[in-house]
There are 2 protein chains.
Amino acid sequence: MVILKPGQALSLWHKAMLAQVHDDAPDLTTRQMAILLTIYLDPPPHTVRGLAAHLNVTKPVITRALDTMGILGFVRRRRDERDRRNVLIQRTVQGSEYLENLGILISQEAGKVT
Amino acid sequence: MVILKPGQALSLWHKAMLAQVHDDAPDLTTRQMAILLTIYLDPPPHTVRGLAAHLNVTKPVITRALDTMGILGFVRRRRDERDRRNVLIQRTVQGSEYLENLGILISQEAGKVT
DNA sequence: CTTTCTTATTACGGAGCCGTAATTATTTTC
DNA sequence: GAAAATAATTACGGCTCCGTAATAAGAAAG
C-alpha cells in the first residue's frame, strides 16, 4: 500500500505531466494510455471486445488506438487461430521499454514530492 | 518524500487512467492538464507567455487551452491593468473542485497499489 | 509622435479522434 | 448448408488539436 495524500498526488501528477510534455516521446491520449497499460499489466489474452468492455468504450475506439499504437510499435495484432474472428493483442519490446521508462519517470518524480 | 517503485508507479498510473476514462468528467489532453496544474500549483501571476515558456510550447497552444478550459469553467482570464498587453490567468471554484477531486481519486488509487 | 518591440490572439490548412452505422469475415445454430 | 449471431474493421461527418504565419493592441524607445 502506498500512502499518497491528495495534495501530494496532485503534485506528482503535475510533475509527471510536465515531464511528459517536455519529453520527445509521443504522448498518447488518456484512452490510448489506459488501453496500453491494460495490455501490459493485465494478464492476456486481450481482444478488441474485451478491452472495449473493460474500458467501457466502443470497439472502433480500440481498433483506432491499436492502429496508432501499432504504428508506434507499442503493440502487435495476431489472429486467434482457434477462433479467427478474434484478434489477440500482443506486447512488443518497444512498448515494454516505453512503459518501463514511464514507470521510472513517475517513480523519480514521486521521490521529489515532499 | 514518497516512495514509489517503477512497477507501483505504472500500476497507479493505470488505475488513475482507467478511473479518468470511466469518469464522466471531461478528460483534458496532456498539455491542458499540465497547464491547469501549473496554474493551480505554481504561485501566480500566470501569463500566456510565462506558461508557454514553462511548458516549452508555442503561445497559441496556451491560448487555445485557455479557451477550452475557460468554457469548462476551470480558468478565467483578466487583463493586467499595469500592462494591458498581458493577460493574467486566474483560478476558479470549479477548477479547484475538479483538481481536488482528481487528487482524491489518485490518492485513493494509490492506497490500492500493493 | 512615430518607429520598434512585445503580448496575445486569430487565420488557415492539415491531422487525429469521436460516435454511429455499414461492411467483412468467421462461427454457431437450426 | 442456409440463416442468425458474433468479432473486428471501415466509412463518414463532425469536432478539436496542431504549427506556422499574419494580425491587433499596447508599451517603450528614439
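Anything mentioned here points back to the structure above.
First, a word on what this report is: a plain description of the structure on this page. (Residues numbered from 1 in each chain as written. Chains lettered and ligands numbered in written order. Predicted model: local features only at pLDDT ≥ 70, side-chain atom pairs only at ≥ 80, totals over all residues. Heavy atoms only, no water.)

### A look at the protein's contact with DNA strand C
Our working rule: Proximity criterion: a residue is near a molecule or strand once any of its heavy atoms comes within 4 Å of it. Throughout this description, a polar contact denotes any pair of N or O atoms lying within 3.5 Å of each other; where both atoms belong to protein, one of them has to be capable of donating a hydrogen while the other can accept it, and for residues adjacent in sequence the pair is counted only when both atoms sit in side chains. Helix and strand definitions here come from DSSP, where helices need a minimum of 4 consecutive H or I residues and strands a minimum of 2 consecutive E residues; each element is numbered from the N-terminal end.
Of all residues adjacent to DNA strand C, which total 20 residues, the nearest are Arg-31 and Gln-32 of chain A together with Arg-49, Thr-63 and Arg-77 of chain B. Sugar and phosphate atoms represent 71% of those atoms of DNA strand C found within 4 Å of the protein. Separating a phosphate oxygen of DNA strand C from a side-chain N or O atom of Arg-31 of chain A is a distance of 3.1 Å. Between a phosphate oxygen of DNA strand C and a side-chain N or O atom of Thr-68 of chain A, the distance comes to 3.2 Å. Counting only elements with at least two residues in the surface near DNA strand C, the list comes to α2 (30–41) and α4 (59–71) of chain A together with α3 (48–55) and α4 (59–71) of chain B. Take the surface near DNA strand C: its biggest share by element is 4 residues, from α4 of chain A.

### Things to note about the interface of chain B and chain A
Formally: In what follows, a contact means two residues having at least one pair of non-hydrogen atoms within 4.5 Å. Defined in terms of a 1.4 Å probe, buried area is the accessible area two parts forfeit on being brought together, summed over both. Put simply, a salt bridge is a Lys or Arg side-chain nitrogen that is within 4 Å of an Asp or Glu carboxyl oxygen.
With 43 residues of chain B at the contact, the number on the chain A side is 43 residues. Approximately 3,700 Å² of surface area, both sides summed, lies buried where chain B meets chain A, with 76% of it carried by carbon and sulfur atoms. Taken together, the links from chain B to chain A amount to 0 salt bridges. Where chain B meets chain A, there are 10 residue pairs in polar contact (both at pLDDT 80 or more). Listing elements by their share of the side of chain B that touches chain A, those giving two or more residues are α1 (6–22), α2 (30–41), α3 and α5 (93–112) of chain B. In terms of residue count, α1 of chain B provides more of the side of chain B that touches chain A than any other element does, 14 residues in total.

### A short note on the side chain of Gln-32 of chain A
All names here are of chain A. Counting through the fold element by element, Gln-32 comes out in helix α2. Within the structure, Gln-32 has its side chain in polar contact with the backbone nitrogen of Thr-29 (distance 3.0 Å). When residues no more than four places from it in sequence are discounted, the contact partners of Gln-32 are Ala-65, Thr-68 and Met-69.

### Points about α2 of chain A
Residue and element names in this part refer to chain A. This is how it is decided: One less than the residue count of a helix, multiplied by 1.5 Å, gives the span that helix is expected to have. Working definition: with a 1.4 Å probe on protein chains only, accessible area under 20% of the residue-type maximum means buried, over 50% means exposed, and in between means partly exposed.
Given a rise of 1.5 Å per residue, 12 residues ought to cover 16 Å, and the 16 Å separating the end C-alpha atoms of α2 matches this to within 8%. Of all 12 residues in α2, 10 are buried, a share of seventy percent or more. Burial in α2 covers these residues: Thr-30, Gln-32, Met-33, Ala-34, Ile-35, Leu-36, Leu-37, Thr-38, Ile-39 and Tyr-40.

### So, the nonpolar core
Applied cut-off: Put simply, buried Ala, Val, Leu, Ile, Met, Phe, Trp, Tyr and Cys residues joined by side-chain atoms within 4.5 Å make one nonpolar core.
Trp-13, Leu-36 and Ile-106 of chain A together with Trp-13, Leu-36 and Ile-106 of chain B are the most contacted members of the largest nonpolar core, which has 80 residues in total. Contacts of Ile-106 of chain A, omitting those with residues within four sequence positions, involve Leu-12 and Ala-16 of chain A together with Leu-4, Ala-9 and Trp-13 of chain B.

### Re the relation of the copies chain B and chain A
The cut-off we apply is this: Least squares is used to superpose the copies, and the fit set is the C-alpha atoms of residues whose pLDDT is at least 70 in both copies.
Mapping chain B onto chain A calls for a rotation angle of 180° and an axial translation of 0.0 Å; the resulting RMSD is 0.0 Å. The transformation just described matches what one would write down for a two-fold rotation axis. Using C-alpha coordinates, one finds that chain B approaches the rotation axis most closely at Thr-29 of chain B, a distance of 3.4 Å. Both copies share a contact surface, since 100% of the interface residues of chain B are interface residues in chain A too.

### Structural notes on the protein's contact with DNA strand D
Note the cut-off: Polar here means any residue outside two lists: the nonpolar Ala, Val, Leu, Ile, Met, Phe, Trp, Tyr, Cys and Pro, and the charged Asp, Glu, Lys and Arg; Gly therefore counts as polar.
Of all residues adjacent to DNA strand D, which total 19 residues, the nearest are Arg-49, Thr-63 and Arg-77 of chain A together with Arg-31 and Gln-32 of chain B. If you look at DNA strand D and keep only atoms within 4 Å of the protein, 73% of those are sugar or phosphate atoms. The contact in question runs from a phosphate oxygen of DNA strand D to an N or O atom on the backbone of Arg-84 of chain B, over 3.3 Å. Among the secondary structure elements, those contributing two or more residues to the surface near DNA strand D are α3 (48–55) and α4 of chain A together with α2 and α4 of chain B. The dominant element in the surface near DNA strand D, judged by the number of residues it contributes, is α4 of chain B, at 4 residues. Grouping the amino acids of the surface near DNA strand D by side-chain chemistry returns 5 nonpolar, 5 polar and 9 charged.

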